[in-house]
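Structure assessment
Now for the letters of each chain:
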Amino acid sequence: MLIRTATMNDLDALTAVEAECFPPAEAARREEFAERIKYYGNHFWLMLDGERLIAFADGFVTDESDLTDEMYERAELHNERGKWQMIFGVNTMPDYRCHGYAGELLRRAIDDARAQGRAGLVLTCKDHLVDYYAKFGFISEGRTAKSTHGGVAWNQMRLAF
């Protein structure tokens, strides 16, 4: 499987995968992905099976230490020299789940953040995924009040280098 960063040519595929992986209230819209790619397309990790996008992870970089709802909505807040790599989503098409692809993308994001001199990575997840992310070294900081994205209670997790 090929892993690469995103360009505007990936916009429709990203939107389709996101819609398969998240409920409408939580899924990013096409317009949001366009802004995200514009500001930080190099912080998307796309996995392709041939020409088909099967999984991706994305998020911007900031000096802020906690992930907030505003970050999802305002791609222009990306700071390429920031300390923390935020992860906004890890998406895998249903037919490709349970094969380790999401883990490969996470390891790539972790390796890239380390190589770029970041302090670490931060993500939010639902309760049933806390143990999954812990396998990669993320530590749960419990429920966050700073993100209720999509009307959901999220756990903030951090991997500090």
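Up top is the structure.
Not measured: the values here are computed from a predicted model.

1. Here we look at the environment of Ala134
With respect to the helices and strands, Ala134 occurs in helix α5 (residues 130–134). Sequence-wise, Ala134 and His149 are 15 residues apart; in three dimensions their C-alpha atoms are separated by 22 Å.

2. Description of the sheet that holds strand β3 (residues 52–58)
Taken in spatial order, the four strands of this open sheet run β1-β2-β3-β6, and their pairing is antiparallel. Every other strand in the sheet has two partners, leaving β1 (2–4) and β6 (89–92) as the edge strands with one partner each. Taking the axes of each pair of neighbouring strands and ignoring which way they run, one obtains an average angle of 20° across the sheet. Where strand β2 (residues 44–49) and β3 come together, six bridges link them in antiparallel fashion.

3. Observations regarding the sheet that holds strand β8 (residues 139–143)
With respect to topology, five strands assemble into an open sheet ordered β4-β5-β7-β9-β8, the strand pairing being mixed. A strand with exactly one partner marks an edge of an open sheet, and here the two such strands are β4 (61–62) and β8. Note: β8 against strand β9 (residues 155–160), three bridges, orientation antiparallel. Paired with Ile139 across the strands is Arg158, a residue of β9.

What counts as what
- Residues numbered from 1 in each chain as written.
- Predicted model: local features only at pLDDT ≥ 70, side-chain atom pairs only at ≥ 80, totals over all residues.
- Heavy atoms only, no water.
- Helix = DSSP H or I, 4+ residues; strand = E, 2+ residues; numbered from the N terminus.
- Pairing = 2+ DSSP bridges.
- Axes fitted to C-alpha atoms, helices over the stretch in contact; angles between N-to-C directions.

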